[in-house]
Each structure stands twice: as structure tokens, then as C-alpha cells.
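Chain by chain, the residues run as shown.
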Amino acid sequence: MKVLYVGGQKSGKSYLAEQKILAISQKKPYYIATYDNSYGDVEMADRVNTHQQRRQAQFITIEEPLFLNKVIKEGESYLVDCLSMWIMNLLASDEDFEQILQAVLAIDADIVFVLNDVTSGIIPENVLSREYIDMSGVIGQMVARGCDEVYQVIVGLEKRLK
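Below is a short write-up of the structure. This one's a predicted model, so the numbers in the text were calculated from it and none came from an experiment. (Residues numbered from 1 in each chain as written. Predicted model: local features only at pLDDT ≥ 70, side-chain atom pairs only at ≥ 80, totals over all residues. Heavy atoms only, no water.)

## Considering the sheet that holds strand β2 (residues 30-33)
Reading across from one edge, β3-β2-β4-β5-β1-β6-β7 is the order of the seven strands in this open sheet, with mixed pairing throughout. Looking at the sheet topology across the chains shown, the edges are occupied by β3 (60-63) and β7 (157-160). Ignoring which end each strand starts from, the neighbouring axes of this sheet average 20 degrees apart. Strand direction decides the pairing type here: strand β6 (residues 149-154) and β7, joined by four bridges, are antiparallel. (Pairing = 2+ DSSP bridges. Helix = DSSP H or I, 4+ residues; strand = E, 2+ residues; numbered from the N terminus. Axes fitted to C-alpha atoms, helices over the stretch in contact; angles between N-to-C directions.)

This is how it looks when you write it as C-alpha cells:
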């Protein structure tokens, strides 16, 4: 089963995604953390710590900022948190996101994805922000097509879209 949780920042999507993968997993799931801590962002480090404390010993953590297709194995369960950070990492690389995602979506594994919805605002004036938002929209569509279930999260409440 593949599931996508999409919503704004601090909407509760990570918590709901954690609960979903724990409910569908037959054994301890893997938590794929995509944030690349090399940016030296103190506020993001605090967010990471909050996520780590909440999940405690319920998950086996894998830190992988780019190559999701190399760490996801058949027959296992994964939470990918989050695709938004993964997109940021992709922008700093020359990797082909479509190839990586197609490979991930083809793996026979339970995967729950988390994605920030950044596509509802105005068009930014700088190129990098536009590229990030465009890529986020394209990747969101691609993942949603490949998922069995898709949920929109607003103020901690989930609404099933697919």
C-alpha cells in the first residue's frame, strides 16, 4: 500500500502519517528522514528533534536525503518524511527525480509519504522559489497517481481525496 499525506506546515500531516504506517505495518517500520542537516539551520534542527522524540523507538531510522530508491526494499514498511525536504535536496543536485520516484513507486512495499502543500500561494518573484514550487506540484501529482490513498491535512484533520 502507498499513501500520501499532503498539507501545510504544522498541519499535523507527519503525526497522521506516522499513525498510518504504524497501523498498516506488520513489523517495526522504517522512518526515512530526508532532511540534509548540512545546512546548519538551528530552527530545523529543533523540528527534527521534535520528530525524533515523538517517534522514539517505534521506528528504525534511515537518513537518506536523495536516493530513496536505494534504501527502500520490497516487503518492508516505510514513512518518507518528507518529500518537501527531498525536493530541496534535489534542487542542489543533478539527479533525475522522475527516475528515482518511478523506481520507488514500483517497489512492492508499504510506503507513506509526507509532502507540504506549497502550490496554493502566489507566484514567487525569484527563480529558485518558482522551481521549488513547480517541482513540488509535479512530484505531488506523480506520487498521488502512484498511491492507493491520498489525504489532505488541515489543522490536524485528514480528508481522504483518493
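## Quick look at the state of the cysteines
Linking two cysteines covalently through their sulfur atoms gives a disulfide. Applying the stated criterion across every chain yields a total of zero disulfides. You can see Cys147 has no disulfide; the closest cysteine sulfur is in Cys82, sitting 14 Å from it. According to the relative accessible area criterion, Cys147 is buried, its value standing at 3%. (Disulfide = S-S within 2.5 Å. Buried < 20%, exposed > 50% of the residue type's maximum accessible area, 1.4 Å probe, protein only.)

## Some points on the nonpolar core
When a protein is soluble and globular, its nonpolar side chains tend to lie buried together. Judged by nonpolar contacts, the single largest core of 31 residues is most densely connected at Ile72, Leu83, Trp86, Phe113 and Ile139. Elements represented by at least two residues in this core include exactly β1 (2-7), α3 (68-71), β4 (77-81), α4 (83-91), α5 (97-106), β5 (110-116) and α6 (127-146). Beyond its immediate chain neighbours, meaning those up to four positions away, Ile139 contacts Leu83, Trp86, Ile87, Leu90, Phe97 and Leu101. Ile21, Tyr35, Leu79 and Cys82 belong to the second largest nonpolar core, which has 17 residues in total. (Core = buried A, V, L, I, M, F, W, Y, C linked by side-chain atoms within 4.5 Å. Contact = heavy atoms within 4.5 Å.)

## A word on a nonpolar patch on the surface
Together, Ile154, Val155 and Leu157 make up a nonpolar patch on the protein surface, roughly 340 Å² of accessible area in all. Mapped onto the fold, Val155 is located in the loop between β6 and β7. (Patch = residues over 30% accessible without salt bridge, like charges linked within 9 Å, V, L, I, M, F, W, Y side chains within 5 Å. Areas by Shrake-Rupley, 256 points an atom, 1.4 Å probe, with all protein chains shown as cover. Salt bridge = Lys/Arg side-chain N within 4 Å of Asp/Glu carboxyl O.)

## Here we look at α6
In this model α6 runs 29 Å from its N-terminal to its C-terminal C-alpha over 20 residues, within 8% of the 28 Å that 1.5 Å per residue would give. Those residues of α6 lying buried are Tyr132, Met135, Ser136, Gly137, Ile139, Gly140, Met142 and Val143. Those residues of α6 that are buried lie in contact with β1, α4, α5 and β5. Its side-chain oxygen 3.3 Å from the backbone nitrogen of Leu128, Asn126 forms the N-cap of α6. (Expected span 1.5 Å × (residues − 1). Polar contact = N/O pair within 3.5 Å; in protein donor to acceptor, adjacent residues only side chain to side chain.)

## Structural notes on the packing of aromatic side chains
All told, the structure shown has three aromatic pairs when counted by the stated rule. Where Tyr30 meets Tyr78, the ring centres are 5.2 Å apart and the plane angle is 20 degrees; that geometry is what we call stacked. With Tyr30 in strand β2 and Tyr78 in strand β4, the pair connects residues that are 48 residues apart, well separated along the chain. Their ring planes at 80 degrees and their centres at 5.6 Å tell us that Tyr31 and Phe59 sit as a pair that is edge-to-face. Within this pair, whereas Tyr31 is found in strand β2, its partner Phe59 is found in the loop between α2 (42-55) and β3, the two being separated by 28 residues in sequence. Like Tyr31, the residue Phe59 is buried in the burial classification. (Phe/Tyr/Trp six-rings, centres within 6.5 Å; stacked < 30°, edge-to-face > 60°.)

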